[in-house]
Amino acid sequence: MNLFHGFIDFILVIAIPETFRWLVFFAVVWVPLILVEYAWQACVRYVRTTWIGKQEKVLLEIKLPQETMKSPLAMELVLTGLYQTGGEGMPLDRYWDGKVRPWFSLEITSLDGEIHFYIWTFKSQRSVVEANIYAQYPDVEIHELKDYTEDIFFDPTKFEISGCRFEATGPDPLPIKTYIDYKLDKDPKEEYKVDPMAPLIEFMGSLKKGHQAWVQFIIRAHTQEKTPTNNKYPDKWKEDAKKLIEDINNEDSEVDEEGNVVRGRLTTGQKNRIEAIERSLEKLPFDVGVRIVYIAPKEIFDKGNGGGLTGSFKQFNAPHLNGFKPAGSPGFDYKWQDWKGKKLLGQKIGLFRAYCERGYFHYPWKSKGTVLNTEELATVFHFPGSAVRTPSLKRIPSKRADAPSNLPI
């Protein structure tokens, strides 16, 4: 006991005061370093936010024809064309001008039960988006519209809101169940197609007047992170994929009497996981943020609709692969964490504003996302074929036709 008391006395009387004295003595070194780092980060945020704010943005609605026979492979090719890495190549671009990689928001909405497909983008990228869509879907119509989110002013006394963002259930390099796993790459007849997006479309189409459900996939090209001197760090996504393959190979390994590691025979499930990861690495990756919002007037708001929207993502999950899990939902576990409800209101307003501003990768809406390749993205966002017969999925009466070549000039 005396030894314990002596140790406490040493900590309180000698160690802490001595440590504090040295901290004060070297404050002329560490305090400026902290201030410089803080000032640097604040400066980068400022120039970046300023540059983003100056960019013109557009919202494009894609109207589908009566018959869409193409598999999600067509959307995968569209997404490949949206893999834009330019704009922030040089340190001067990133840290002086505040330039960033362009990002896109792929959106599916139910406005009073009517389904719409949108793509939000910088105006400078509009021609890229349209060219790639028309190249694969020549019969669609693309129109620039007023942003539908501007039609709602979120007044918490009149509206209620729920929603969340999604994170991966497993390691990023492990892919979700894709359209290839559903055999949609074989272009089966419409009556035999099993579209993984069908449950989401059907649920959103079942909403009644006054209810709105918004789903957005915010994407940008995934690249190696760069240092201020324009050097590149190793690509963590690829490095993690290699390590994950190695871990799967070693799951059933044993050490023999001589100390050598002997790998066990891989099961079918383990082989399938490795094949899925290797196939994933062959395709272009995107940083992805997934966010959903359900909003309605207070008198008709239905919590079940929020849960139904969240549950519609379960069909993309597979036990032996990856999937989506909700995160960041407004709310607290215990009443004492937010007695007056002010924090909850702030979270709801933040969810609404983050969606409207299509923010995910940068301050003030930076959040944890995931990495999906073009195959995975095309699975969760593509233009459904005729097999999805939701009545509220509006289609244009006839196919878009090219102008006659003999028109007078």
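Once a new chain begins, its residue numbering starts again from 1 and follows that chain's sequence as written. In view of the model being predicted, local features appear only for residues whose pLDDT reaches at least 70, and side-chain atom pairs are presented and counted only at 80 or more, with totals across whole chains, interfaces and linings using the full set of residues. Values reported for side chains reflect all heavy atoms of the structure, with hydrogen atoms and water molecules removed beforehand.

(A) How the structure looks around the overall build of the chain. Helix numbers and strand numbers start at the N terminus; a helix is a DSSP run of H or I with at least 4 residues, a strand a run of E with at least 2. When helices and strands are tallied, the chain shows 11 helices and 11 strands. What makes two residues a contact is simply this: any of their non-hydrogen atoms within 4.5 Å. A fraction of 80% describes how many contacts in the chain between residues 6 or more apart in sequence connect residues 24 or more apart.

(B) A look at the confidence of the model for the chain. For every residue, the predictor states its confidence as a pLDDT score lying anywhere from 0 to 100. Put simply, the chain has an average pLDDT of 85, and 82% of its residues get 70 or more. Taken as a whole, residues 403–409 scores under 50 in pLDDT and shows 0 contacts with residues more than four places along the chain or in a different chain.

(C) Region of the structure containing the nonpolar core. In this description, a nonpolar core means a group of buried Ala, Val, Leu, Ile, Met, Phe, Trp, Tyr and Cys residues linked to one another through side-chain atoms lying within 4.5 Å. Any residue under 20% of the maximum accessible area for its type is buried, any over 50% is exposed, and the rest in between are partly exposed; the area is computed with a 1.4 Å probe on protein chains only. Grouped together as the largest cluster of nonpolar side chains are 55 residues, with contacts concentrated most on I108, F117, I133 and F313. Ranked by residues supplied to this core, first place goes to strand 9 (residues 285–297) with 6 residues.

(D) Structural detail: the packing of helix 3 (residues 73–81) against helix 5 (residues 126–136). The convention used is that axes are lines fitted to C-alpha atoms, helices contributing only their stretch in contact, and that angles between N-to-C directions extend from 0 to 180 degrees. Between helix 3 and helix 5, the least distance of the axes is 9 Å, while the angle of their chain directions is 155°. Between helix 3 and helix 5, the interaxial angle falls into the category roughly antiparallel. When you trace helix 3 past helix 5, the crossing you get is right-handed. Contacts between helix 3 and helix 5 pair A74, L77, V78 and G81 from the former with V128, N132, I133 and Q136 from the latter. An angle counts as roughly parallel when it lies under 35 degrees, as roughly antiparallel when it exceeds 145, as roughly perpendicular when it falls between 65 and 115, and as oblique in every other case. Crossing chirality is assigned from the near helix's rotation relative to the far helix, an anticlockwise turn below a right angle marking it left-handed and a clockwise turn marking it right-handed.

(E) Summary view of the environment of G311. Structurally, G311 can be placed in helix 9 (residues 303–311). Sequence-wise, G311 and F324 are 13 residues apart; in three dimensions their C-alpha atoms are separated by 10.0 Å.

(F) Quick peek at the packing of helix 6 (residues 198–205) against helix 9. Their axes nearest at 9 Å, the elements helix 6 and helix 9 cross at an angle of 160°. Taken together, the axis directions place helix 6 and helix 9 in an arrangement best described as roughly antiparallel. Where helix 6 crosses over helix 9, the handedness of that crossing is left-handed. Contact with helix 6, carried on its side by L200, F203 and M204, involves N305, G308 and L309 of helix 9 and no other residues of that element. Amino acid classes used here: Ala, Val, Leu, Ile, Met, Phe, Trp, Tyr, Cys and Pro are nonpolar; Asp, Glu, Lys and Arg are charged; the rest, including Gly, are polar. Per-class residue counts for the contact of helix 6 with helix 9 are 4 nonpolar, 2 polar and no charged.

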